[in-house]
Structures are given as structure tokens and as C-alpha cells.
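Residues per chain are reported as follows:
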Amino acid sequence: MVRKLTRGVALAAGLAALPLVAGCGGGDGGGSAKKADDADRVAEVVAPAKVEVLASLTGCEVKIRTEAEELREGVCHTKAGDYLITTFPKEELLQVWLDSASLYGGKKLVGPRWAISAKEEVLEPLRKKVGGTVQDLSTYGRTGGPGPSAS
């Protein structure tokens, strides 16, 4: 109970700061560059986020599919396409999940302690809304480097 309350307080604090952070920015009138910066700032404030927060940022009413200690998963069905949002309580669990998912290849949108699985054409529009990096899991851990190959 205390853990749920603490998470709720942390989420509320992050959401309360959202308008302040998203509203900050230089007055350069940078158009689309400013919009991208704002999206990155929004994602930084809410990340690592709950499934429901990421879903809300993407305009989806999520249905929770998995609720476990090591991850939470929610499904989104939208006109743009269907996708799966997965969040993790620890970064290490995300890395284990990415290692396992790399067996199947494909690309995932990955942020701090979260990942979104979708068809490739859906990932970039989602990235613009929540931030993160589109990672090619077909090369994950196989490039000799310490992690995923970003695209």
C-alpha cells in the first residue's frame, strides 16, 4: 500500500511540474524545432513513466494486459496502429527484456525504463510524442558494443 502511495505521489509531482517544464523555452520562435524540444522535455518529466502516462501522451486509452513485479504492459488500439507499452521498475529489467526481444529482431521505441512495440511506421510518430530512441533489436548486443543500435 505504501509503495502504491509513493508511486502515486511521485507521478502526481511529475505531472504537476509538466506544465512548468513544457512551458519553458527560448523565445526564438523556432517552430518545429521548438515543438520537438517541448516533446523531449515532456518525455523527460514523465519518464520513467507509468503505462497510463505514456498511453495518455500518445492519445490512447490503454488496456492493462500484464501486471507483474518485473513489468507492466498495456495494449493500445488506435487509428494509426496498435502498439504495446511496457514499463519496468528497474533499468536492468528493461535490458533483460531487450535481450530477450532481440531474438525476434525488429525495432522498438525505448526510453528510461519503458519500451513501445509496434510496426515500424508507427514508432516514429510515437517517438515525437513521448521521446525515446527507436532501436533496431536485430543488432542488439551483437555489434560488439555495450547495447542496442539506435536508428
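The structure this text deals with has already been given above.
Participant: Honestly, helix α4 (residues 91–101) in this entry has me stumped. Any pointers?
Facilitator: Residues that lie three or four places apart on an α-helix share one face, since the helix turns once every 3.6 residues. Of the positions making up α4, those classed as buried are Leu-94, Trp-97, Leu-98 and Ala-101. Down the axis of α4, the smallest arc covering the buried residues is 100°, so these residues share one side. If you follow the buried residues of α4, they end up packed against β3 (82–87), β4 (107–111), β5 (114–118) and β6 (133–136).

Participant: Explain the pattern of salt bridges to me, please; I cannot follow it from the model alone.
Facilitator: Think of it this way: side chains of opposite charge can pair up when their charged atoms draw near. Throughout the structure, instances matching the rule amount to five salt bridges. Residues Glu-73 and Arg-65 are paired through a salt bridge, measuring 3.2 Å at the closest nitrogen-oxygen approach. In this structure Arg-65 comes out as exposed when scored by relative accessible area, which is 54%. For Arg-72, the salt bridge is made with Glu-67, and the minimal N-O distance between the two is 2.9 Å.

Participant: Would you mind going over the nonpolar core with me for this structure?
Facilitator: A general feature of soluble globular proteins is that nonpolar side chains tend to end up buried together. Ranked by size, the top nonpolar core spans 17 residues in total, and within it Tyr-83, Ile-85, Leu-109 and Ile-116 carry the most contacts. Broken down by secondary-structure element, the contributors of at least two residues to this core are α3 (51–58), β3, β5 and α5 (120–130). Leave out the neighbours within four places in its chain, and Ile-116 touches Tyr-83, Leu-84, Ile-85, Lys-108, Leu-109, Leu-123, Leu-126 and Val-130. In this structure, Trp-97, Leu-98, Ala-115 and Leu-137 belong to the second largest nonpolar core, which totals nine residues.

Each value, and the rule that gives it
- Residues numbered from 1 in each chain as written.
- Predicted model: local features only at pLDDT ≥ 70, side-chain atom pairs only at ≥ 80, totals over all residues.
- Heavy atoms only, no water.
- Buried < 20%, exposed > 50% of the residue type's maximum accessible area, 1.4 Å probe, protein only.
- Helix = DSSP H or I, 4+ residues; strand = E, 2+ residues; numbered from the N terminus.
- Arc of directions from axis to C-beta.
- Contact = heavy atoms within 4.5 Å.
- Salt bridge = Lys/Arg side-chain N within 4 Å of Asp/Glu carboxyl O.
- Core = buried A, V, L, I, M, F, W, Y, C linked by side-chain atoms within 4.5 Å.

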